[in-house]
Amino acid sequence: MLKAILFDLDGTLANTDPLHYQTWKEILNNHGVAIDHNSYKQHISGRTNPAIIQDLLPQLSTTEAEELANYKEEKFREIALNLKPLTGLLEFIEWLEKQKLHKAVVTNAPPENAEFMLDVLQLTDTFPLVILGGVMTVGKPDPAPYKLGLEKLEISPEEAIVFEDSRSGIKSAVAAGIYTIGVASTHEPESLLEVGASIVINDFSDEKLQQVLDNWNISGT
């Protein structure tokens, strides 16, 4: 019985990856590290900032890494003032509310980014529960953020669906035992299916989404 929908934030509620890519590319270039779209998807998309910086700039001290991560997110927020919800998202949320299903965000984004993006998208009041994997002991791809989300909602994995756009996020949700739908805003569908997504949609207007929901016994609480 479906009781809750859990959403990733970046790339799932809004297509933020082009902005993150632009910001990371500029910053890493200043440190002598060149990236392209393929290396961005492999080493950056969906991961926490500490893990990204440890991999790509291991020479930085803990303090330097933290300062760089904060600077990167400040630059991102400067260029992300016109974010728009992914196609079909608002209509889907309206449907969820009519079904009285619980909703939550589970993200690796820093707290300031999560608050900023939900505000820009005018979704702050839509999600009373936001799980911040980036400030936990471990974030995605570890299942801990999604397990915490289930715990807070007091539901089992079988009572939830997750929407994720990154390989890291899909690995996290699948490892937590949750049915996971990939959103192909960032990665190719084949890449998301490869790491465990049950199906992949282009956005929330995709007719495949309704077909999946029709197969669930939905009972909001």
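Residues numbered from 1 in each chain as written. Predicted model: local features only at pLDDT ≥ 70, side-chain atom pairs only at ≥ 80, totals over all residues. Heavy atoms only, no water.

**Quick word on the sheet that holds strand β5 (residues 179–183)**
Sheet strands pair via backbone hydrogen bonds, and the direction of the pair is either parallel or antiparallel.
Then, in step 1: Within the open sheet, the six strands sit side by side as β3-β2-β1-β4-β5-β6. Their pairing is parallel. Of all the strands in the sheet, the pair left with one neighbour each is β3 (129–132) and β6 (199–201). The average undirected angle you get between the axes of adjacent strands in this sheet is 25°.
Then, in step 2: The sheet strands contacting helix α7 (residues 144–153) are β1 (4–7), β2 (102–107), β3 and β4 (160–164), and the helix crosses β3 at an angle near 155°. (Pairing = 2+ DSSP bridges. Helix = DSSP H or I, 4+ residues; strand = E, 2+ residues; numbered from the N terminus. Axes fitted to C-alpha atoms, helices over the stretch in contact; angles between N-to-C directions. Contact = heavy atoms within 4.5 Å.)

**Focus on the packing of aromatic side chains**
Then, in step 1: By the definition in use, this model includes ten aromatic pairs.
Then, in step 2: Both rings, one in F7 and one in F127, keep their centres 5.6 Å apart while their planes meet at 75°; by these two values the pair is edge-to-face. Here F7, found in strand β1, pairs with F127, found in the loop between α6 (111–120) and β3; they are 120 residues apart in sequence, far enough to count as distant. We note that F7, like F127, is buried.
Then, in step 3: Aromatic pair F7 and F163: ring centres 5.5 Å apart, planes at 15°, arrangement stacked. One end of the pair, F7, is in strand β1; the other, F163, is in strand β4, and 156 residues separate them in sequence. In this structure, F7 and F163 share a single accessibility class: buried. (Phe/Tyr/Trp six-rings, centres within 6.5 Å; stacked < 30°, edge-to-face > 60°. Buried < 20%, exposed > 50% of the residue type's maximum accessible area, 1.4 Å probe, protein only.)

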